[in-house]
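# Summary of structural features
Below are the chains, spelled out letter by letter.
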Amino acid sequence: MELLRLFPSVAMIGDSLASGEIVHDDDRALGVLFGGLHPDRGVVNEGPACVDCYENSWCSLICRRIGAKVTHFTKGGCTAKYWLETYNYHFAIDKNKYPLVFIALGSNDFGCFKLGEKDHGLKENTFAGYYNEIIKSVRHYNPEGVILCLSLYRKGDDTIKNQYGDTLMDWSNMIKDITGNYKKCYYLDFVNESENEFGKTKFERRGHYSAPGYLAVADDIERIANKVLEENIKDLEDISLYI
């Protein structure tokens with residue numbers, strides 16, 4: 001069943017890959033937004049080099065197909081900690097209801113924070129702690145909504161580790177473990193169930209996806225999400241009461 005069609009409004013929490021970011025072929029300003037500050041050249045006006053294209057993010061492309069409205073609480077470069085410090089406020093004051101929330105974070109956190117444990121909170125200063133806090137915030141403002149948490153976009157192998165010795169799969173597995181702490185919160189295993197994870201996809205473009213790539217990713221995530229929702233269909237029996 002195309003169970004995503006049950007949700008008329010969706011919130012997207014994430015980073016550049018959740019924002020549909022396209023990297024421009026301007027080497028002079030690679031990685032710097034138009035009008036932003038470059039460490040060597042001051043204000044960059046030649047770009048843009050990296051552009052968050054929300055209208056063509058994978059979540060927007062899913063919502064366009066299922067007829068839902070999406071609100072992005074996303075930004076290129078976002079980490080879980082940064083999201084709590086900035087977008088959590090905007091999420092809290094938003095008067096809209098979001099019966100479905102996607103969370104897709106971790107790619108930028110991988111080289112910045114310790115992974116932590118699945119029951120960590122803010123005081124531990126770990127990715128797991130920040131991620132738990134985001135889910136708690138989402139649940140506070142959307143107590144009966146469904147939360148879908150995406151794996152990282154790359155599986156990698158044991159040769160790819162951060163400074164703390166963690167692999168990319170360690171991080172995806174932690175996201176999976178964290179979802180088990182909450183009701184109506186499910187893990188989307190993109191790295192194992194998509195042909196478009198980084199390292200396999202033909203649509204990779206400078207560490208992001210191309211415009212057709214976000215469409216391919218949207219198709220994959222929609223398929224995975226519908227499968228996960230069907231596996232937990234009992235949890236959706238009264239979802240119409242909270243839309």
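Heads up: the structure comes first, above all this text.
Heads up: these notes are all about the structure in this document. Per chain, residue numbering runs from 1 following the sequence as it is written. Given that the model is predicted, a residue must reach a pLDDT of at least 70 before its local features are reported, and side-chain atom pairs must reach 80 or more before they are shown or counted; all residues, however, enter totals for whole chains, interfaces and linings. Calculated side-chain values reflect all of the structure's heavy atoms, with hydrogen atoms and water omitted.

## Brief notes about the sheet that holds strand β8 (residues 146–150)
One open sheet accounts for five strands, arranged β6-β1-β7-β8-β9; its pairing is parallel. Sheet topology places β6 (69–74) and β9 (185–188) at the edges, where each strand pairs with a single neighbour. Pairs of neighbouring strands in the sheet enclose a mean axial angle of 20°, with direction left out of account. Only strands joined by at least two bridges in the DSSP assignment are considered to pair. Note on conventions: DSSP H or I runs of at least 4 residues are helices, E runs of at least 2 residues are strands, and numbering of each starts at the N terminus. Pairing geometry for strand β1 (residues 9–14) and β6, over six bridges, is parallel. Note on method: axes are straight lines fitted to C-alpha atoms, helices fitted across the in-contact stretch only, with angles between N-to-C directions ranging 0 to 180 degrees.

## Here we look at the packing of helix α3 (residues 127–141) against helix α4 (residues 168–179)
In contact at an axis separation of 11 Å, α3 and α4 are set at 40° when each is read in the N-to-C sense. In terms of orientation, α3 lies oblique with respect to α4. Considering how the two elements wind past one another, α3 and α4 form a crossing that is right-handed. For the pair formed by α3 and α4, the contact residues are F127, A128, Y131, N132 and I135 on the first element and W171, M174, I175 and I178 on the second. Asp, Glu, Lys and Arg are counted as charged, while Ala, Val, Leu, Ile, Met, Phe, Trp, Tyr, Cys and Pro are counted as nonpolar; the rest, among them Gly, fall into the polar class. The residue inventory of the contact of α3 with α4, partitioned by class, reads eight nonpolar, one polar and no charged. Any angle that is under 35 degrees is reported as roughly parallel, and any over 145 degrees as roughly antiparallel; angles of 65 to 115 degrees are reported as roughly perpendicular and all others as oblique. We call a crossing left-handed when the near helix sits turned anticlockwise from the far one by less than a right angle, and right-handed when that turn is clockwise. In this analysis, two residues are considered to be in contact whenever any of their non-hydrogen atoms come within 4.5 Å of each other.

## Quick word on the state of the cysteines
Two cysteines joined by a covalent bond between their sulfur atoms form a disulfide. Note on terminology: pairs of cysteine sulfur atoms within 2.5 Å are recorded as disulfides. All chains considered together, the criterion is met by zero disulfides. Note on C78: no disulfide assigned, nearest cysteine sulfur contributed by C112 at a separation of 11 Å.

## Looking at helix α1 (residues 58–66)
Burial analysis of α1 places seven of its nine residues in the buried class, the great majority of the element. Burial classification: accessible surface area is computed with a 1.4 Å probe over protein chains only, and a residue below 20% of its type maximum counts as buried, one above 50% as exposed, and the rest as partly exposed. Buried within α1 are the following residues: W58, C59, S60, L61, I62, C63 and I66. In this structure, the buried side of α1 is in contact with β1, β6, β7 (100–104), β8 and α6 (211–231). Once α1 finishes, G67 follows within two positions and takes phi at roughly 80°, a positive value.

## Re the environment of C59
Mapped onto the elements of the fold, C59 is located in helix α1. Spatially, the C-alpha atoms of C59 and E222 are 8.9 Å apart, while their sequence positions differ by 163 residues. With near-sequence residues (within four places) excluded, C59 lies in contact with V10, M12, V70 and F102.

## Comments concerning the pattern of salt bridges
One side-chain nitrogen of Lys or Arg within 4 Å of one carboxyl oxygen of Asp or Glu is enough to make a salt bridge. This structure, assessed with the given rule, holds ten salt bridges. Residue D220 is joined to R223 by a salt bridge in which the shortest nitrogen-to-oxygen separation is 3.6 Å. Here D220 and its partner R223 are both found in helix α6, three residues apart, which amounts to about one turn of the helix. The class of D220 is buried, set by a relative accessible area of 11%. For R223, a relative accessible area of 42% puts it in the partly exposed group. Here the salt bridges share partners, and the residues they tie into one network are E2, R5, R65 and E222.

## Some words on α3
Quick reminder: α-helices carry 3.6 residues per turn. Residues three or four places apart thus point the same way. Helices are assigned an expected span. That span is 1.5 Å times one less than the residue count. With 15 residues, α3 should reach 21 Å at 1.5 Å per residue; the first-to-last C-alpha distance of 22 Å fits that figure. Among the 15 residues of α3, eleven are classified as buried, and the element is accordingly described as predominantly covered. Along α3, the positions that sit buried rather than exposed are F127, A128, G129, Y130, Y131, N132, I134, I135, S137, V138 and R139. Looking at the buried residues of α3, the elements they touch are β1, α2 (80–93), β7, β8, α4 and β9.

## Structural notes on unusual backbone geometry
For N125, which is not glycine, the phi dihedral falls at a positive 55°. Within the secondary structure layout, N125 lies in the loop between β7 and α3. Backbone geometry at K184 places phi at a positive 55°, although glycine is not the residue there. Secondary-structure assignment places K184 in the loop between α4 and β9.

Distances and angles like these do not, on their own, reveal function.
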